[in-house]
Structures are given as structure tokens and as C-alpha cells.
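Coordinates in review
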Amino acid sequence: MIRFSTAGESHGEALIALVSGLPAGVPVDLEFVNRELWRRQQGYGRGGRMKIETDKAHVLSGVRHGKTIGSPIAIEIVNRDWKNWEAKLPVEAGDPALHQAVASPRPGHADLAGALKYNFPDARYVLERASARETTGRVAAGAFAKLMLRTLGIEVASHVIRVGRVELECAAAWKEIAALAAKDEVVLGCVDEATEARMKEEVEEAARTGDTVGGVFEVVVHGAPAGLGSYANWDEKLDGLLSGAVMSIQAVKAVEIGRGMVAAGSFGSVVHDPIHYAAEETDKPMRFTRPQNNAGGIEGGVSNGEDIVVRGYLKPISTLRKPLESVRFDTREKTSASYERSDICVVPAAGVIAEAMVALTVARVAQEKFGGDSALELRRNFDGYIEQIRRF
Ligand code: EPS
């Protein structure tokens, strides 16, 4: 089974990702892994920290001669900012006078709930781990899942469909969405330039007023066959697994599969995707087709062969330059929430992180369905199943 976990604090020495269960023999393109890390750092409205960091994957285990070898993959990503925190946040006792307390919790952040939970006198240790810096490890792990999926012809991409009040109004084709990942300059990750320009104005307004702004990203999985996930048990349903994975990303407050939100206010006759049968073979393994994809490629918890579409709704970042009301941990006096520095908008970065979480989830269910200790065995089992679908 493919599993992964991360470790590391935002201002600690390094971030760590540990991925196990990937088959042996998956070609590893380190340039691609680092490019994914770079993509996570981009976007108009990212904060000062991104000017300090240049995230790079240092692979410690599980890869030899450019391929996975089936053993756990450990990846380290060094925090360049550590040199500014080494004395303030040492592993050993250090000098307590240098400790930089986070004295008043930020509304919307984990600060208060975390300090109460772990009995911390201030929110420093809470934010160190709750920070979205942790997602660097997820993106590194996700890049390996993408490399595995690539061997099966399955691809994952994302785009931004809303920033604040500005929404993408036209449909985006798979090719347009996939092409965004190759761009060397990321503004807001929207496929439409005019909409992106208006999104940028939304971020500029938030920057001017000391505010932050949220939005919506959409992740698309292209090339996944019908039959991933299961309708038989609640905890094997692909939509449930994807929702949990995307909801776990910092600042995500809602997840939608396909057009779930619109569907709730509509009629069944309009919402459900009719089933057609192509007269001739297409580039897809099966000839059942859909003229629309409101289900987002999943019916009954099982992929149906259409693109899998997952949206994440992001609240605005909770660290505000113009802080909200809070209370001091030590004196209980009314004050403003703590502020060190912050991002203004992270929607494109969240999309990249969600790609990683979706890729890890799809890789896991694919591995469960097709099995295989080596990439060769996985591919053989996959091809056998595709042939079965083709002949259905
Ligand atoms: C982040 C690093 C952090 C923040 C951001 C995400 O760096 P620092 O705290 O040193 O400024 O930029 O963290 C948050 C959004 C948050 O809520 O904590 C990163 O690498 O993505």
C-alpha cells in the first residue's frame, strides 16, 4: 500500500517526506520533482518567505540509478530560513531570552486551538507545524506518485477558477490546464488571461488594504480508467478519499467533486450525465461516453473513465497585516493578532499541493487495484484490465 507522511517545522532545519509502497523500477526524474517544488512556491501574492527559499529535494533513500527500488523513499528539503531561527528555535534548551513567542492568537489559524490542545504558553510551536510550509513535503511525495501514474498514462493538473470575487466563466479544456504547468512565469494559474488580470487586481486590492484573499482551484486527473475506488465500502469510495485528502490542505474549507455545489440546487434530469456508446473505437479504452461530466468522473465512489474533477475552496490566509482582534495569552488583555509576515493569496500554490494529494490518492487506489511490486508487473496488470474494459 502506498503511504506517505511528512515531518518538519516551518522554521526548523528541514522538511521531510517519507513515501513507501511505490513499486520498484519507476523512472525518477529529479528535475521534475524540483520543478513541482518550484511550482508550489509561485503565484502573485506569495509572501516574503518565498524569496528566501529555493526548495530542492534531497533524496536520501529508495532511489538508485534513476529508478525507485521498492524501499521507502526519504526526501529532505532544507529550510534556508533556518539560519535566521537556529538560535531562536534550537533543538536543545538554548537561551530562553531568544525565544520568539507568538503572544496573541490569529483568528482563523490553528494558534488558539493548538495552544489549548498541547498546553503551550504561546502559539509558536503550533504555527511551526500548522504552517502551510509543511506542504513542501507533500508536493515532493506527490511528485513521486505522479511519476508512478505517468507509467500508466495517468496525468494530474490544476488551474485556478476563482480569486476573491473574480471567477473564470468559460470552460477549460484538459490541454489548456495541463499546459499551465510548463509556464515559467506563474501569475494566478488561470487559463484565461483577461480573467487572470482581474484576479491580479483582486490580490492588489487585498495587498493595499492589509488584507488577504481566498479562491477556488480545480484539479483534473486525465487518463484514469473506470473502476478505481469502490462502491462496496464507505472507506474505499474514491470521492471520499479525494475529499479527505484535499480537505486536509491548509486553508481549504470545502471540497467539491464535479459540479456538486450546482447539482444540489438543480434537477436530476439536468445534473446526471447521459450514457452514450461510440460507434467506433476512440482513444479511450472503452466506448461508453458522456456528453458532459457533472459527476466529475466519479459515480458511486468509483471512477467512470471520464476526467476526475476535484475543486478546493480556500479561505483567505489568516495572517493579516491589518490584524483582527485577539487576546494576549499571558495577560488576557485585548490586543491585535500577531503578525510577522504573510502571503496575500496562495490559490495557485494550493492547486499544486492538491495535485500532489490527488496524485497520491489515485496512485494508492491504482496500486491497490492492480498490485505489482515492480513497475513492469503493475503495467502488465493494468494493461490486462484495460483490455478487459475494451472488450466489455
Ligand atoms: C509557507 C511558508 C510560511 C508562510 C506560509 C506558507 O513562511 P513564514 O511563516 O516563514 O512566512 O509563507 O504559511 C502560511 C500560509 C501559514 O498560514 O502559516 C510555505 O512555504 O508555503
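So, here is what we can say about the structure in this document.

Definitions and cut-offs
Residues numbered from 1 in each chain as written. Predicted model: local features only at pLDDT ≥ 70, side-chain atom pairs only at ≥ 80, totals over all residues. Heavy atoms only, no water. Pairing = 2+ DSSP bridges. Helix = DSSP H or I, 4+ residues; strand = E, 2+ residues; numbered from the N terminus. Buried < 20%, exposed > 50% of the residue type's maximum accessible area, 1.4 Å probe, protein only. Contact = heavy atoms within 4.5 Å. Phe/Tyr/Trp six-rings, centres within 6.5 Å; stacked < 30°, edge-to-face > 60°. Lys NZ or Arg CZ within 6 Å of the ring centre and 35° of its normal. Polar contact = N/O pair within 3.5 Å; in protein donor to acceptor, adjacent residues only side chain to side chain. Near = heavy atom within 4 Å. Areas by Shrake-Rupley, 256 points an atom, 1.4 Å probe, with all protein chains shown as cover. Nonpolar A, V, L, I, M, F, W, Y, C, P; charged D, E, K, R; others polar. Core = buried A, V, L, I, M, F, W, Y, C linked by side-chain atoms within 4.5 Å. Axes fitted to C-alpha atoms, helices over the stretch in contact; angles between N-to-C directions. Salt bridge = Lys/Arg side-chain N within 4 Å of Asp/Glu carboxyl O.

A separate point is the pairing of strand E6 (residues 73–78). Summarising the sheet, strand E2 (residues 14–20) and E6 pair through six bridges and their orientation is antiparallel. Bridged to Val19 within E6 is Ile73. Relative to E6, strand E3 (residues 58–59) is paired through two bridges, and the arrangement is antiparallel. Considered in E6, the bridge of Val59 is made with Ile75.

Tracing the backbone shows Gly114 in helix H3 (residues 111–118). On the basis of relative accessibility, which here comes to 11%, the residue Gly114 falls in the buried class. Taking the C-alpha atoms as reference, Gly114 lies 36 Å from Leu149; in sequence the two are 35 residues apart. Setting aside its immediate chain neighbours within four residues, Gly114 contacts Phe120 and Val126.

The subject of this paragraph is the sheet that holds strand E8 (residues 166–167). The five strands lie next to each other as E8-E7-E9-E15-E10, forming an open sheet whose pairing is antiparallel. Looking at which strands have only one partner, the edges of the open sheet turn out to be E8 and strand E10 (252–257). Pairing geometry for E10 and strand E15 (residues 308–314), over five bridges, is antiparallel. Counted as the bridge partner of Ala254 is Tyr313 from E15.

What follows covers the sheet that holds E6. Pairing within the open sheet is antiparallel, and its four strands lie in the order E1-E2-E6-E3. The open sheet has two edge strands with one neighbour each: strand E1 (3–7) and E3.

Right, let's talk about the packing of aromatic side chains for a bit. In this structure the tally under the stated criterion is six aromatic pairs. Centre to centre, the rings of Tyr118 and Phe120 are 5.7 Å apart; their planes meet at 15°, and the pair counts as stacked. The partly exposed category is assigned to Phe120, whose relative accessible area is 25%. Seen in terms of ring centroids, Phe370 and Tyr385 are 5.5 Å apart; in terms of plane orientation they differ by 55°. Their pairing is tilted. Here Phe370, found in helix H11 (residues 347–370), pairs with Tyr385, found in helix H12 (residues 375–391); they are 15 residues apart in sequence, far enough to count as distant. Note on Tyr385: relative accessible area 13%, which makes it buried. Here the aromatic residues Tyr118, Phe120 and Tyr125 are joined through ring pairs into a cluster of three or more. In this arrangement the basic side chain of Lys88 is found over the ring face of Trp85, its NZ or CZ atom lying 4.3 Å from the centre. Note that Lys369 overlies the ring of Tyr385, its terminal NZ or CZ placed 4.0 Å from the centroid.

Attention now goes to the side chain of Glu128. Within the fold, Glu128 resides in helix H4 (residues 124–130). Within polar-contact distance, the side chain of Glu128 engages the side chain of His11 at 2.7 Å. Setting aside chain neighbours within four positions, we find Glu128 in contact with Gly8, Glu9, Ser10, His11, Gly12, Trp85 and Leu89.

Looking now at the site of the ligand. The environment of the ligand is made up of His11, Arg40, Arg46, Arg49, Met50, His109, Ser131, Ala132, Arg133, Ile317, Arg341 and Asp343. In the environment of the ligand, an oxygen atom lies 2.7 Å from a nitrogen or oxygen atom belonging to the side chain of Asp343. Considered on its own, the ligand offers 470 Å² of accessible surface; in the complex 90% of this is hidden by protein. Looking at the shell around the ligand residue by residue, the class counts come to three nonpolar, three polar and six charged.

What follows concerns unusual backbone geometry. Of note, His65 is a non-glycine position whose phi angle comes to about 50°, a positive value. Checked against the element boundaries, His65 lands in the loop between strand E4 (63–64) and strand E5 (67–68). Taking the relative accessible area as the measure of exposure, His65 reaches 85% and is therefore exposed. In this model, Ala251 sits at a positive phi of 80°, which is unusual for a non-glycine residue.

Moving on, we get to the nonpolar core. The biggest cluster of nonpolar side chains holds 90 residues, and the ones touching the most others in it are Val163 and Phe217. A per-element tally of this core places H11 first, with 15 residues. Among residues more than four places away in sequence, those in contact with Val163 are Leu188, Met199, Glu202, Val203, Val213, Gly214, Gly215, Cys345 and Val347. Formed by six residues, the second largest nonpolar core is a distinct cluster that contains Val102, Ala123, Val126 and Leu127.

Interhelical geometry of helix H1 (residues 30–41) versus H11 gives an angle of 145° and a closest axis separation of 7 Å. Across from Glu36, Arg39 and Arg40 in H1, the residues of H11 making contact are Ala349, Val352, Ile353 and Glu355. In terms of residue class, the contact of H1 with H11 is built from three nonpolar, no polar and four charged.

For the structure shown, the criterion picks out 30 salt bridges. In this structure, Lys146 engages Glu36 in a salt bridge whose closest nitrogen and oxygen atoms are separated by 2.7 Å. Linking Lys146 in helix H5 (residues 135–150) with Glu36 in helix H1, this pair joins segments that are 110 residues apart in sequence. Linking Arg133 and Asp55 is a salt bridge whose minimum nitrogen-to-oxygen distance equals 2.6 Å. Of the two residues, Arg133 is situated in the loop between H4 and H5 and Asp55 in the loop between helix H2 (49–52) and E3; the sequence distance between them amounts to 78 residues. Accessibility assignment for this pair places Arg133 and Asp55 in one class, buried. In the salt-bridge network here, residues are joined through shared partners; they are Arg40, Arg49, Glu53, Asp55, Asp81, Arg133 and Arg341.

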